[in-house]
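Single-letter residue listing:
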Amino acid sequence: MVTNRPRTASAPVKALRIGALVVDPPILQAPMAGFTNFAFRRIVREFGGAGLLATEMISAEGFVRMTGGVKGAPARLWGVKDEPRPLAVQMWDNDEATLAEVGRRLAGEYGVSVVDINFGCPVKRICDAHSGSYLLSEPARVGRIVERVVQACAPTPVTAKIRLGCSHKNVTAFEVARAVEAAGAAALTVHGRVAEDYFKGSADWDRIAAIKTKLDKMPLIGNGDLDSAEKVVAAFERYGVDGVMIARAALTRPWLFREAAAALRGEPVPPAPDLAEQRALMLRHHEQIVERFGEQRGNVLMRRYACNYAQGKRGAVAFRRYINRVVTNDEFRRVVDEYFPRA
Ligand SMILES: Cc1cc2nc3c(=O)[nH]c(=O)nc-3n(C[C@H](O)[C@H](O)[C@H](O)COP(=O)(O)O)c2cc1C
């Protein structure tokens, strides 16, 4: 577990290199299905501090199916072609040829900065498809997949994201990490839990640090439970990772990246936006989501972001109760008005 302290880095932390890409600061926004779409990434970029952003994971097989017909690209690639770089797109599947083909197109047609492969998802639907964390029990197969995708995407760097293993009885991260490195991946992200944990307990940063010692030169990005600038500093100073990745905490506080980046530079952590600024942020986010998805679907989708923004605030329980019923823009604004003060 990463504990707090020291508050700011005692020495400047080096930029992370993923192939030819320089990730500076070495703080990555994690892929999160259902959340890290274009609108959310725009907010992360506005606050700054994230050196590399990632999309939600996309199904490689779905990509091939959709782009072969009239339906166009997967909805999860919203914004990807035009938004600023650097940007990583994550994909999942277990078929080397499909992943290689999609990786080649993401690197070529979409010009993404990094192609990431998911070997960590513990969700039943993905594991039943023998993908995501299911593949952690087959390190050699992970290596073959990565090798094919690396060849197909060159010179765009390919990375992999894993958990420690499928279960506590089957911790394979060392073997998988070595296979990923031997296959030519440009970096590896390790979420310090096994798949059967889902999100139970705490991430095992000692294990993450131990994996680092088994690698030759491939950079290692640590992930799990980082929810403060202090913990990010501690991850670098105590566990020797080359980069860190933040997921859930950024949904509640997308300005966390900027706080962590300041701490890594040894500077004071900037103040969080006040409640009025957070209110404006939520309404801006709502506007973009509704513009993209329409009023009804947009408001339903926005509920989950709004609940995250409200987390830990006074009145959050009542806010959640009401926001989870809104279907129109007026209703959404009314509930926000009631719980978040205006400037
Ligand atoms: C709602 C949700 C969706 C996620 N979707 C993905 C995903 O698409 N791909 C992936 O590699 N990890 C996914 N994750 C895992 C996160 O990227 C990250 O590894 C995990 O949440 C641990 O980091 P944290 O403690 O900072 O949240 C997801 C996590 C959450 C909570």
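What you are looking at is a predicted structure, and each value in this text was computed from that prediction instead of being measured.

Draft legend 1. Structural view of the site of the ligand. Lining the immediate environment of the ligand, one finds 17 residues, of which Ala 33, Gln 90, Asn 223, Asp 225 and Arg 248 sit closest. Taking Pro 31, its main chain carries an N or O atom lying 2.9 Å from an oxygen atom of the ligand. Arg 248 has a polar side-chain atom sitting 2.6 Å from an oxygen atom of the ligand. Burial of the ligand by the protein amounts to 87% of the accessible area it has alone, namely 610 Å². A class-by-class count of the residues in the shell around the ligand yields 9 nonpolar, 5 polar and 3 charged.

Draft legend 2. Seen up close, the pairing of strand β11 (residues 243-246). In β11, alternate side chains face the same way, and those of Gly 243 and Met 245 on one face and Val 244 and Ile 246 on the other are all buried. The pairing of strand β3 (residues 27-29) with β11 spans 3 bridges and is parallel. Directly across from Leu 28, in β11, lies its bridge partner Met 245. In terms of strand pairing, strand β10 (residues 220-223) meets β11 through 3 bridges, oriented parallel. Each residue of the ladder has a partner; that of Ile 221, found in β11, is Gly 243.

Draft legend 3. Highlighting the pattern of salt bridges. Following the criterion strictly, the structure yields 19 salt bridges and no others. For the salt bridge of Glu 109 with Arg 105, the shortest nitrogen-to-oxygen distance reads 2.9 Å. For Asp 225, the salt bridge goes to Arg 248, with nearest N and O atoms at 3.1 Å. Highlighted residues: Asp 225 in the loop between β10 and α8 (229-239) and Arg 248 in helix α9 (residues 248-252), separated in sequence by 23 residues. Given a relative accessible area of 23%, Asp 225 falls into the partly exposed group.

Draft legend 4. Just a nonpolar patch on the surface, in detail. On the surface, a nonpolar cluster with roughly 280 Å² of combined accessible area is contributed by Val 123, Tyr 198 and Phe 199. Along the chain, Val 123 falls in the loop between β6 (114-119) and α4 (124-128). Assessed through its relative accessible area of 38%, Val 123 is described here as partly exposed.

Draft legend 5. Looking closely at the domain arrangement of the chain. For the chain, the domain assignment lists domain 1 (16-264) and domain 2 (275-339). Distance between the C-alpha centres of domain 1 and domain 2: 28 Å. Facing 16 residues of domain 1, the contacting portion of domain 2 comprises 14 residues. Taken together, the links from domain 1 to domain 2 amount to 1 salt bridge. One salt bridge in this structure joins Arg 284 and Glu 46, with 2.5 Å as the shortest N-O distance. Joining domain 1 to domain 2, the criterion identifies 5 residue pairs in polar contact (both at pLDDT 80 or more). Of all elements in the fold, only α1 (38-47) and α9 reach the threshold of two or more residues within the side of domain 1 that touches domain 2. The element that contributes the greatest number of residues to the side of domain 1 that touches domain 2 is α1, accounting for 6 residues. In terms of residue class, the side of domain 1 that touches domain 2 is made up of 10 nonpolar, 4 polar and 2 charged.

Draft legend 6. Just the packing of helix α11 (residues 275-293) against helix α12 (residues 295-310), in detail. The contact between α11 and α12 brings their axes to 8 Å, and the two run at 150°. In terms of axis orientation, α11 runs roughly antiparallel to α12. Here α11 runs over α12; the crossing is right-handed. In this structure, α11 uses Gln 278, Leu 281, Met 282, His 285, His 286, Ile 289, Val 290 and Phe 293 to contact α12, whose residues at the interface are Glu 295, Arg 297, Gly 298, Asn 299, Leu 301, Met 302, Tyr 305, Ala 306 and Tyr 309. Taken together, the residues that form the contact of α11 with α12 break down as 10 nonpolar, 5 polar and 2 charged.

Draft legend 7. Expanded view of the packing of aromatic side chains. One pass over the full model with this rule turns up 9 aromatic pairs. Judged by centre distance (5.5 Å) and plane angle (80°), the rings of Phe 35 and Tyr 305 are edge-to-face. Pair noted here: Phe 35 is in the loop between β3 and α1 and Tyr 305 is in helix α12, with a separation of 270 residues, a long-range link. In this structure, Phe 35 and Tyr 305 share a single accessibility class: buried. One aromatic cluster is present, built from ring pairs that chain together Phe 35, Phe 40 and Tyr 305. Across from the ring centre of Phe 293, 5.9 Å away, lies the NZ or CZ of Arg 292, which sits over that ring. Between the NZ or CZ atom of Arg 321 and the centre of the ring of Tyr 322, over which it lies, the distance is 5.7 Å.

Definitions and cut-offs
- Residues numbered from 1 in each chain as written.
- Predicted model: local features only at pLDDT ≥ 70, side-chain atom pairs only at ≥ 80, totals over all residues.
- Heavy atoms only, no water.
- Near = heavy atom within 4 Å.
- Polar contact = N/O pair within 3.5 Å; in protein donor to acceptor, adjacent residues only side chain to side chain.
- Areas by Shrake-Rupley, 256 points an atom, 1.4 Å probe, with all protein chains shown as cover.
- Nonpolar A, V, L, I, M, F, W, Y, C, P; charged D, E, K, R; others polar.
- Buried < 20%, exposed > 50% of the residue type's maximum accessible area, 1.4 Å probe, protein only.
- Helix = DSSP H or I, 4+ residues; strand = E, 2+ residues; numbered from the N terminus.
- Pairing = 2+ DSSP bridges.
- Salt bridge = Lys/Arg side-chain N within 4 Å of Asp/Glu carboxyl O.
- Patch = residues over 30% accessible without salt bridge, like charges linked within 9 Å, V, L, I, M, F, W, Y side chains within 5 Å.
- Domains from an automatic or database assignment.
- Contact = heavy atoms within 4.5 Å.
- Axes fitted to C-alpha atoms, helices over the stretch in contact; angles between N-to-C directions.
- Parallel < 35°, antiparallel > 145°, perpendicular 65-115°, else oblique.
- Left-handed = near helix turned anticlockwise from the far one by under 90°.
- Phe/Tyr/Trp six-rings, centres within 6.5 Å; stacked < 30°, edge-to-face > 60°.
- Lys NZ or Arg CZ within 6 Å of the ring centre and 35° of its normal.

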